[in-house]
Amino acid sequence: MSELQDLYQEVILEHSKHPRNFRGMENANLQAEGYNPLCGDHYTIFLEVEDGIIRDISFQGAGCAISKASASMMSQILKNGTTAEAEELFEKFHQAVTGKESGKEPDAVGSLGKLEAFAGVAAFPTRIKCATLAWHTLHAALKGDQVVSTE
Amino acid sequence: MSTTLTAFRTSTSSGFDIERVRADFPILEQRVHDLPLVYLDNAATTQKPRAVIDAISNYYLSYNANIHRGVHQLSQSATDAYEAARKSVQTFLNAEDAKEIIFVRGATEAINLVAQSYGRQHVNSGDEIIVTAMEHHSNIVPWQMLCEEKGAHLRVAPINDAGELLLDEFEAMLNAKTKLVAVVHTSNVLGTVNPVRRIVEMAHTKGIPVLLDGAQAVPHGGVDVRALDCDFYAFSGHKIYGPTGIGILYGKRALLEAMPPYQGGGDMIRSVTFEKTIYNQLPYKFEAGTPDIAGVVGLGAAIEYVNGIGLSDIVAHEEDLLAYGTEALGAIPGLTLIGTAKEKVSVLSFVLEGIHPHDIGTILDRQGIAIRTGHHCAQPLMQRFGIPATARASLAVYNTAQEIDALVAGIHKVKEVFA
């Protein structure tokens, strides 16, 4: 059961119950819809990007605790950062939750900051897509795609 | 709830013994995450008794050969076993003739066969096909594909909040343009048993044929296709303790005779020249290519296994479990059962306030409890209830009241994690 505690860490549960930046955005200049047909998780990510800086980021939708907390924490950490940083963080986050960080950079997880909380997902292969859905959607929005599916 | 347990039927006068049934299923000995397996995902697929596993293994060990064309002994043995299984299915469904039993890959392929063969022959532009709001995708998409090709319309008969078909509204939808009614016999999400006899009567009054999707119905009750008078009946072997990859299409002989083949190839022909091919007779006309012989043998063994226990005992046991489970789950604060039809089988779909089904599934899994979470291949039904997904515990002959207790304890644990 300790793996469960690693998965459902306090910070994840807290964000899933009280998601940050959980709202629409009227002046978004980029947005994309992400969908996980397997479990029905469904989010829209809104971005206001100016000169490569993420001025504002928000999301709406519904899904499991992992996907919602991931979207919430992602929005917090990316706000006022650059899009390049966002893509870089996505790469690191993806490595951490798929358990691929080991053997590569020993500090890959460490450099994730608060997102380290999601490292426990690696022990739950069926939940990796929940954790990465918001990030895939963000990536699609930054590329100019409008819909992304993780199945 | 524990008082109900003492009154629980563990064996019946007719000899139903749950411990002996459980001993027939080797996989139930498995441990998951170092805990005893509590398998409650039977609507997805059932586990297999040793009799089925042995029948498949024995086929490959002692008489593996191709059927219907060999002069040698093994081919004869394989053909005999294959056709004996067809007889078992015929008897099981009370079909008039073994020729009405077509082996297919599963209920999905059975429905596709009818859509592509019967449907393409009879459905034209402006025609209508009627389904219900509780269909599995496998009884929606083949008809959508047909409708798109033909310019026909798919119409959906509504259901009430308990998950029961609104029969009057269904009847009012039947009209001269209706070319087929395709209805699920028992819902995989809600457990609802549809009044299929009445549905067939209503449709037949207007000369409309009816296909019943029986994937979830056959494991939980006797199906008599002649009493139902349905025109087509589809089910999958793996939901009735048989192997995956094998299923049945039953069709009334006159309809099947008049239908064009679904696929071309070996075994479905009588003679072939480059100018003209003469098709084989029923049922072979619809069984192109070397079939899943081992699967057929396994399905035959599964049906014999079910007959050996007795469907009435299976139904009685599952009804007890359903009543016990409905009460036990219903007593959990914040839990809502989805699917409360008066006539239902042992499926318990539920949602927990503030907790997504996917999280429920993960936390139960770590307690050794296997349930299904998600939309259950019935997205329109999820939309009808305004929910993205449900958690679903579905029960089979080998499940016990203790396993329901484990589920209840598991759900309390889920609530603790999210407290």
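For the structure given in this document, a descriptive report is provided here. (Residues numbered from 1 in each chain as written. Chains lettered and ligands numbered in written order. Predicted model: local features only at pLDDT ≥ 70, side-chain atom pairs only at ≥ 80, totals over all residues. Heavy atoms only, no water.)

Brief notes about the overall build of chain B
Each helix and strand counted, chain B has 15 helices and 17 strands in total. In terms of overall dimensions, chain B is globule-like: its C-alpha atoms have a radius of gyration of 22 Å, near the 22 Å expected for 419 residues. Dimensions of chain B, computed from the C-alpha atoms along their principal axes, are close to 75 × 55 × 35 Å. In chain B, once contacts between residues fewer than 6 apart in sequence are set aside, the share between residues at least 24 apart is 71%. Entry remark: accessible area of chain B is about 16500 Å², with carbon and sulfur atoms responsible for 52%. Taking the average location of the 34 positive side-chain charges in chain B and that of its 46 negative ones, the two points are 5 Å from each other. (Helix = DSSP H or I, 4+ residues; strand = E, 2+ residues; numbered from the N terminus. Rg over C-alpha atoms; globule rule 2.2 N^0.38 Å. Contact = heavy atoms within 4.5 Å. Areas by Shrake-Rupley, 256 points an atom, 1.4 Å probe, with all protein chains shown as cover. Lys, Arg positive; Asp, Glu negative; His and termini not counted. Charge placed at Lys NZ, Arg CZ, Asp CG, Glu CD.)

Points about the layout of surface pockets
Approximately 480 Å³ is the volume found for the largest pocket. Together, 23 residues line the largest pocket, and T126 of chain A together with H358, G361, I371 and T373 of chain B are the ones closest to its centre. Secondary-structure elements contributing two or more residues to the lining of the largest pocket are α13 (357-365), β15 (369-370) and β16 (372-374) of chain B. At four residues, the largest contribution of residues to the lining of the largest pocket is made by α13 of chain B. Looking at the lining of the largest pocket residue by residue, the classes come out as 10 nonpolar, eight polar and five charged. If you add up the space inside the second largest pocket, you get close to 320 Å³. Every residue lining the second largest pocket is counted, 17 residues in all, and those nearest its centre are V193, H220, G221, V315 and V345 of chain B. Classifying every residue of the lining of the second largest pocket gives six nonpolar, six polar and five charged. A domain split of the lining of the second largest pocket shows at least three residues from each of domain 1 (2-32 + 310-417) and domain 2 (53-308) of chain B. (1 Å grid on protein atoms, 1.4 Å probe; cavity = no way out; pocket = protein on both sides within 12 Å on 5 of 7 lines; lining within 4 Å. Points joined across faces, edges and corners; volume = space filled by probe spheres on them. Nonpolar A, V, L, I, M, F, W, Y, C, P; charged D, E, K, R; others polar. Domains from an automatic or database assignment.)

Side note on the packing of helix α5 (residues 107-122) of chain B against helix α6 (residues 141-150) of chain B
Residues and elements named next belong to chain B. Running from N to C, α5 and α6 point in directions that differ by 25 degrees, and their axes come no closer than 9 Å. When the interaxial angle is binned, α5 and α6 end up roughly parallel. The element α5 and its partner α6 pack so that their crossing is right-handed. In contact with I111, N112, V114, A115, G119 and R120 of α5, α6 contributes P142, W143, L146, E149 and K150. Taken together, the residues of the contact of α5 with α6 sort by class into six nonpolar, two polar and three charged. (Axes fitted to C-alpha atoms, helices over the stretch in contact; angles between N-to-C directions. Parallel < 35°, antiparallel > 145°, perpendicular 65-115°, else oblique. Left-handed = near helix turned anticlockwise from the far one by under 90°.)

Focus on the packing of helix α4 (residues 83-97) of chain A against helix α5 (residues 128-143) of chain A
All names here are of chain A. Across the interface, α4 lies against α5 with an axial gap of 10 Å and an inter-helix angle of 160 degrees. By the criterion of interaxial angle, the relationship of α4 to α5 is roughly antiparallel. The crossing of α4 and α5 is left-handed. Listed contacts from α5 to T83, A86, E87, L89, F90, F93, H94 and V97 of α4 are I128, A131, T132, W135, H136, L138, H139 and L142. Class assignment of the residues belonging to the contact of α4 with α5 gives a composition of 10 nonpolar, five polar and one charged.

A short note on the interface of chain A and chain B
With 22 residues of chain A in contact, the opposing surface of chain B contributes 16 residues. With both chains or domains summed, chain A and chain B bury close to 1500 Å², and 59% of this area falls on carbon and sulfur atoms. Remark: the boundary between chain A and chain B carries two salt bridges. Across the pair D359 of chain B and R127 of chain A runs a salt bridge, and its minimum N-O distance is 2.8 Å. Taken together, the links from chain A to chain B amount to 10 residue pairs in polar contact (both at pLDDT 80 or more). (Buried area = accessible area lost by both parts, 1.4 Å probe. Salt bridge = Lys/Arg side-chain N within 4 Å of Asp/Glu carboxyl O. Polar contact = N/O pair within 3.5 Å; in protein donor to acceptor, adjacent residues only side chain to side chain.)

Topic: the sheet that holds strand β2 (residues 41-50) of chain A
Residue and element names in this part refer to chain A. Strand order in the open sheet formed by four strands is β3-β2-β1-β4, with mixed pairing between adjacent strands. Two strands bound the open sheet, and with one partner strand each, they are β3 (53-62) and β4 (147-149). On average, each strand axis in the sheet is inclined to that of its neighbour by 20 degrees, with strand direction left out of account. In the sheet, β2 pairs with β3 via nine bridges, with the strands oriented antiparallel. Counterpart to T44 in the pairing with β3 is Q60. Together, β2 and β3 form the strand contacts of helix α3 (residues 65-78), whose direction differs from that of β3 by roughly 165 degrees. (Pairing = 2+ DSSP bridges.)

A few points about the side chain of D127 of chain B
All names here are of chain B. Within the element layout of this structure, D127 appears in the loop between α5 and β5 (128-132). A residue is classified by how much of its surface remains accessible, and D127, at 8% relative accessible area, is buried. In this structure the side chain of D127 is engaged in a polar contact, spanning 2.7 Å, whose partner is the backbone nitrogen of N124. Among the polar contacts listed, one links the side chain of D127 to the side chain of K179, at a separation of 3.0 Å. Discounting chain neighbours no more than four positions away, the residues touching D127 are H122, A152, H153, K177 and K179. (Buried < 20%, exposed > 50% of the residue type's maximum accessible area, 1.4 Å probe, protein only.)

Quick word on the state of the cysteines
In a disulfide, the sulfur atoms of two cysteines are covalently bonded to one another. Residue and element names in this part refer to chain A. This model, assessed by the stated rule, comprises zero disulfides over all chains. Unpaired in terms of disulfides, C130 finds its nearest cysteine sulfur in C64, a separation of 3.8 Å. Among the residues examined, C130 registers a relative accessible area of 1% and is labelled buried. (Disulfide = S-S within 2.5 Å.)

Remarks on unusual backbone geometry
Residue L282 of chain B is joined to P283 of chain B through a cis peptide bond whose omega torsion reads -5 degrees. Positive phi, normally seen in glycine, also occurs at N80 of chain A, with a value near 75 degrees. By secondary structure assignment, the location of N80 of chain A is in the loop between α3 and α4. The phi dihedral of N94 of chain B is positive, around 55 degrees, even though this residue is not glycine. By the element assignment, N94 of chain B lies in the loop between α4 (73-93) and β4 (101-104).

Observations concerning the packing of aromatic side chains
Residues and elements named next belong to chain B. Scanning all chains against the criterion turns up 14 aromatic pairs over all chains. With a centroid separation of 5.7 Å and 65 degrees between ring planes, the pair formed by F25 and Y241 is classed as edge-to-face. You can see F25 sitting in the loop between α2 (18-23) and β1 (31-32) and its partner Y241 sitting in the loop between β9 (232-236) and β10 (247-251), a full 216 residues away along the chain. The same class applies to F25 as to Y241, namely buried. Look at Y118 and F232: their rings are 5.6 Å apart centre to centre, the planes differ by 65 degrees, and that puts the pair in the edge-to-face class. (Phe/Tyr/Trp six-rings, centres within 6.5 Å; stacked < 30°, edge-to-face > 60°.)

These results come straight from atomic positions and should not be treated as a statement about function.
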